[in-house]
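Descriptive analysis of the structure
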Amino acid sequence: MRDIVVSGIRSTGNLHLGNYYGALRNFVKMQEENDCFFFIADLHALTTHPDPAQLHDNVKSILAQYLAAGLDPEKSTIFIQSDVPEISEMYLLMNMHVYIGELERTASFKDKVRKQPENVNAGLLTYPSLMAVDILIHKATKVPVGKDQEQHLELTRRFARRFNNIYGVELFPEPASYNFGSESIKVPGLDGSGKMGKSEGNCIYLIDEDKPLRKKVMKAVTDEGPKEPNSPLSQPIENLFTVMSLVSEPEVVEQYKAAYADCSIRYGDFKKQIAEDILKVTTPMRERYNEIIKDEEYMRKVVKIGAEKARESAAKTLAEVRKIMGFKSF
Ligand code: ADP
Ligand code: TRP
């Protein structure tokens, strides 16, 4: 059975290898077998008061990066959240069934209160209501989310159940998290530490130009080299092998593993190889990005068609919700 999949994409910052291998590459595969709705969550972005002059450019750039990486408007519904006013209306209705206490207990809310105590706005508190509406308005059955979003998805299920119970209907399915199983991957940073992430400042971006990208990889942390045959890998070297196994041919990985085992490995060559193989993956995406970002006409068409499809689906659910709640036309 085809699932209805919904995923919101944050419109902050550029996409890095971690985003690509951890999420985006799966999105690209998912759209083959499911009815997917992918949208840029620009209303959610407002909770942190972004600069109005930059809001649109951020949305545009991130949209172009997702298209360049393989999200396909012919296969999926790709849209901008704020282009679908039905979402805002249903958000208002949904909030009548959502309790302040449960929102205040959300980990992401507590975290924001700690990080931006000067801007604890109501939108921030009701972030999970809006996210639930994003999902329920298309009656999604699956939602691909990272660990940090699992609690929001749990609340979405709770709100769906509650709505169904209050009105004695079976309107909303309870969405499950989309599980990539053994394919779930953590891309490490090249600074020898934990994961690659924007806040870690250790990212290889999909749109990095050749030269700076090579430079970043050549600066990757290593160690003094294996002292004796078959030594265990230190963390930085293991990280480099993890990245290599994502971007290089299996034979190449084997070759370097063997060179490590017999102590003939030269980290300079190792890193050069990784850089070139990363570029083989990222260059076609960067080139497509450079074309798409110039092509206003194309992007306008993509979001127009996306908004039409998303609105059709959203309007249907909203009409049902209004009817269930008792709104009638005179
Ligand atoms: P970041 O803030 O680090 O750019 P986000 O937290 O916005 O990334 O995550 C966006 C998506 O990318 C999530 O689905 C997350 O699981 C995935 N992701 C981010 N970093 C990595 C990583 N290093 N390895 C695997 N997946 C990642
Ligand atoms: N909250 C998600 C994030 O920060 C983005 C998001 C908004 C989302 N609405 C969604 C994700 C609906 C999945 C489904 O990454």
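Above: the structure in question.
Below: a short report on this structure. (Residues numbered from 1 in each chain as written. Chains lettered and ligands numbered in written order. Predicted model: local features only at pLDDT ≥ 70, side-chain atom pairs only at ≥ 80, totals over all residues. Heavy atoms only, no water.)

**Quick notes on the site of ligand 1**
Taken together, 14 residues form the shell around ligand 1, and within it H16, I185, V187, M196 and K198 come nearest. Judged by the proximity of its atoms to the pocket grid, ligand 1 belongs to the largest pocket. When grouped by side-chain class, the residues that make up the shell around ligand 1 number 4 nonpolar, 6 polar and 4 charged. (Near = heavy atom within 4 Å. 1 Å grid on protein atoms, 1.4 Å probe; cavity = no way out; pocket = protein on both sides within 12 Å on 5 of 7 lines; lining within 4 Å. Sits in = over half its atoms within 2 Å of the grid points. Nonpolar A, V, L, I, M, F, W, Y, C, P; charged D, E, K, R; others polar.)

**Points about the packing of aromatic side chains**
Under the criterion given, the structure shown has 8 aromatic pairs. Relative to Y21, the ring of Y20 lies with its centre 5.0 Å away and its plane at 80°, an arrangement referred to as edge-to-face. Look at Y21 and you get buried, because its relative accessible area is 4%. Ring plane angle 35° and centroid distance 5.5 Å describe the contact between Y256 and F270, whose orientation is recorded as tilted. Of this pair, Y256 sits in helix 12 (residues 250-261) while F270 sits in helix 13 (residues 267-294), and the two are 14 residues apart along the sequence. Among the aromatic residues, ring-to-ring pairing joins F241, Y256, Y267 and F270 into one connected group. Cation over ring: K257 sits above F241, and NZ or CZ is 5.3 Å from the ring centre. (Phe/Tyr/Trp six-rings, centres within 6.5 Å; stacked < 30°, edge-to-face > 60°. Buried < 20%, exposed > 50% of the residue type's maximum accessible area, 1.4 Å probe, protein only. Helix = DSSP H or I, 4+ residues; strand = E, 2+ residues; numbered from the N terminus. Lys NZ or Arg CZ within 6 Å of the ring centre and 35° of its normal.)

**Overview of the site of ligand 2**
In the vicinity of ligand 2, the residues found are V6, S7, G8, R10, F39, H44, Y127, M131, D134, I135, V143 and Q149. The contact in question runs from an oxygen atom of ligand 2 to an N or O atom on the side chain of R10, over 3.2 Å. At a separation of 2.9 Å, a nitrogen atom of ligand 2 approaches a polar side-chain atom of Q149. The fraction of the free accessible surface of ligand 2 (370 Å²) that becomes covered by protein chains is 94%. For the shell around ligand 2, the secondary-structure elements that each account for two or more residues are strand 1 (4-9) and helix 8 (127-136). Among the elements that make up the shell around ligand 2, the one with the highest residue count is helix 8 (4 residues). (Polar contact = N/O pair within 3.5 Å; in protein donor to acceptor, adjacent residues only side chain to side chain. Areas by Shrake-Rupley, 256 points an atom, 1.4 Å probe, with all protein chains shown as cover.)

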